[in-house]
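What follows is each chain in one-letter form.
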Amino acid sequence: MVSTSSFKTTKSEEIFTNAQKLMPGGVSSPVRAFKSVGGQPIVFDHVKGAYIWDVDGNQYIDYVGTWGPAICGHAHHEVIAALHSALEKGTSFGAPSLQENILAQMVIEAVPSIEMVRFVNSGTEACMSVLRLMRAFTGREKIIKFEGCYHGHADMFLVKAGSGVATLGLPDSPGVPKSTTTSTLTAPYNDLEAVKALFVQNPDEIAGVILEPVVGNAGFIVPDAGFLEGLRELTKEYGALLVFDEVMTGFRIAYGGAQERFGITPDLTTLGKVIGGGLPVGAYGGRADIMAMVAPSGPMYQAGTLSGNPLAMTAGIKTLELLQKHGTYEQLDKITKRLTDGLLQAAKDAGHSVSGGQISGMFGMFFTSHPVHNYEDAKLSDLTKFSRFHRGMLERGIYLAPSQFEAGFTSLAHTEEDVDQTISAAKEVFASL
Ligand SMILES: *Cc1c(COP(=O)(O)O)cnc(C)c1O
């Protein structure tokens with residue numbers, strides 16, 4: 001373990017100071033800037049397995065995993081080897097390739113709702129495209145989303161959004177025209193009555209309901225018993241589509257995602273993160289009759305120069321192959337349970353009020369004893385305590401998401417020793433809070 005007195009970040013500070021002159025906030029994506037936890041971010045040099053090394057040579061156990069994709073561990077040798085041979089054949093085709101068929105077949109076999117799939121380059125792109133498809137298919141404009149859920153940064157979704165919007169406490173973003181969000185209705189997560197009321201108030205106008213079936217962008221929040229079932233019934237009753245945004249949960253909490261885990265099949269699904277194996281990929285898919293609307297098969301336009309990129313497809317294929325091995329999700333579940341049980345117990349032993357949990361390799365902890373069912377509950381967490389906890393862990397070589405409103409991730413590369421080391425670091429930090 002890094003002793004805190006030897007923790008030096010001189011080079012990180014120098015690079016990040018320069019970055020702030022070059023890029024807004026010094027970053028390419030807001031939460032990375034550590035605004036909500038204070039202090040400067042560390043600048044990465046390289047990653048491998050469960051670990052990160054920064055430019056000053058400090059080593060960390062990583063629980064961000066590049067926000068989810070690194071489920072097999074960073075820079076897995078088989079993924080790297082597959083990428084090396086794909087690279088020899090070129091970096092982009094802008095034309096059909098066999099790799100697309102292979103990954104498409106794997107996704108269709110794995111995810112219960114997906115009969116056909118379209119590849120894009122990010123989760124944001126997947127969600128904005130699926131929204132267009134929801135509207136194209138139903139001929140209706142309104143959608144329902146949930147407070148604290150994040151579906152990427154497209155205009156229509158920047159209403160009570162999670163992730164960086166929640167982290168920075170931003171109101172709806174300037175630059176988003178009112179006209180693009182008037183059709184976005186919102187309800188508190190886990191509140192079926194609120195959803196029902198919206199359907200009653202807007203008969204024949206709601207194209208569908210989109211949600212994170214397990215929330216990771218308002219911190220880690222699980223669906224209450226009956227919530228997903230209730231949404232499935234309500235959407236059927238009102239002729240609307242049910243869309244699971246599984247950009248985070250897909251191939252993460254089970255091979256077939258939350259829909260496999262909870263046994264609820266939506267009409268459409270978005271994917272990203274894990275299916276790119278660390279390269280930029282997103283996807284949306286679902287019922288074949290709905291997907292038939294997408295160009296050039298149907299009239300709904302959506303396209304992409306780099307979509308189906310052979311390197312990205314290759315990293316995705318290899319990652320899913322590794323995940324198909326026997327016992328991978330049991331292993332993720334076991335290691336992550338050891339981590340969250342240990343952290344929650346250590347916090348309680350030190351007299352802190354906490355709540356939290358995990359499903360497979362996705363976890364979270366809030367500094368509140370109040371059970372967290374929605375974003376309002378999540379906001380009860382003691383954010384000052386969280387930022388001090390985050391800093392203390394960083395100084396002890398543990399890299400956690402720099403925001404209370406993000407989930408944590410483990411990988412197949414995390415060992416019991418890594419987890420136990422993390423818990424002993426947490427004991428020290430909890431004692432100092
Ligand atoms: C990360 C995420 C997105 C956005 O994906 P990007 O690749 O960052 O654009 C959308 N929805 C959910 C649930 C996510 O976790």
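Our subject is the structure listed above.
Quick caveat, the model's predicted, so the values are computed rather than measured.

## Some thoughts on the sheet that holds strand β9 (residues 268-271)
Spatially, β4-β10-β9-β8-β7-β5-β6 is the arrangement adopted by the 7 strands of the open sheet, whose pairing is mixed. Of all the strands in the sheet, the pair left with one neighbour each is β4 (116-120) and β6 (184-187). This sheet shows a mean twist of 20° between the axes of neighbouring strands, independent of strand direction. Judged from the 3 bridges that link them, strand β8 (residues 241-245) and β9 form a sheet pairing that is parallel. For D245, the partnering residue across the bridge sits in β9 and is T270. Where helix α3 (residues 98-110) meets the sheet, its contacts fall on β4 and β9, and the angle it forms with β4 comes to roughly 125°.

## Some remarks on the packing of aromatic side chains
Applying the stated criterion across every chain, the model contains 16 aromatic pairs. Look at F7 and Y60: their rings are 6.4 Å apart centre to centre, the planes differ by 90°, and that puts the pair in the edge-to-face class. Taken as a pair, F7 in the segment before α1 (10-22) and Y60 in strand β3 (residues 59-62) lie far apart in primary sequence, 53 residues in all. Look at F7 and you get buried, because its relative accessible area is 12%. Each ring, one from F389 and one from F430, has its centre 4.9 Å from the other, and the planes form 5°; the classification is stacked. Taken as a pair, F389 in helix α14 (residues 383-395) and F430 in helix α15 (residues 416-432) lie far apart in primary sequence, 41 residues in all. What links up through ring pairs into an aromatic cluster is the set F7, F34, F44, Y60 and Y399.

## A few points about the pairing of β9
Residues L268 and T270 line one face of β9 and the alternating positions T269 and L271 line the opposite face, and both faces are buried. The parallel pair β8 and β9, bridged by helix α9 (residues 257-262), forms a crossover whose chirality is right-handed. Alignment of β9 against strand β10 (residues 282-286), held across 4 bridges, turns out to be antiparallel. By the bridge assignment for β10, T269 is matched with G285.

## Observations regarding α15
Here α15 contains 17 residues, and its C-alpha end-to-end distance of 25 Å stays within 8% of the 24 Å for a straight helix at 1.5 Å per residue. Along α15, the residues that are buried comprise D418, V419, T422, I423, A425, A426, V429 and F430. Mapping the buried residues of α15 onto a view down its axis gives an arc of 165°, with all of them on the same face. In α15, the exposed positions angled more than 90 degrees off the buried face are occupied by E417 and A431. In this structure, the buried side of α15 is in contact with β2 (51-54), β3, α12 (328-349), β12 (362-366), α14 and β13 (398-399).

What counts, and where the lines are drawn
- Going along each chain's sequence as written, the residues are numbered from 1 onward.
- Restriction of local features to residues with pLDDT of at least 70 applies here, the model being predicted, together with a cutoff of 80 or more for giving and counting side-chain atom pairs; totals for whole chains, interfaces and linings are based on all residues.
- To obtain the side-chain values, all non-hydrogen atoms of the structure were included, while hydrogens and water were left out.
- DSSP bridges decide pairing: two strands pair if at least two such bridges lie between them.
- A run of DSSP states H or I qualifies as a helix once it reaches four residues; a run of E qualifies as a strand once it reaches two. Both are numbered from the N-terminal end.
- Angles here are taken between N-to-C directions and fall from 0 to 180 degrees, while the axes themselves are lines fitted to C-alpha atoms, restricted in helices to the stretch in contact.
- In this description, contact between two residues means that some pair of their heavy atoms is separated by no more than 4.5 Å.
- Working definition: a ring pair exists when centres of Phe, Tyr or Trp rings (six-membered ring for Trp) sit within 6.5 Å. Plane angles under 30 degrees give stacked, over 60 give edge-to-face, the rest tilted.
- Any residue under 20% of the maximum accessible area for its type is buried, any over 50% is exposed, and the rest in between are partly exposed; the area is computed with a 1.4 Å probe on protein chains only.
- Looking down the strands as they point away from the viewer, one classifies a crossover as right-handed if the path from the first strand across the helix to the second runs clockwise.
- Each residue after the first adds 1.5 Å to the expected span of a helix.
- This arc describes the spread of directions from the helix axis toward the C-beta atoms.

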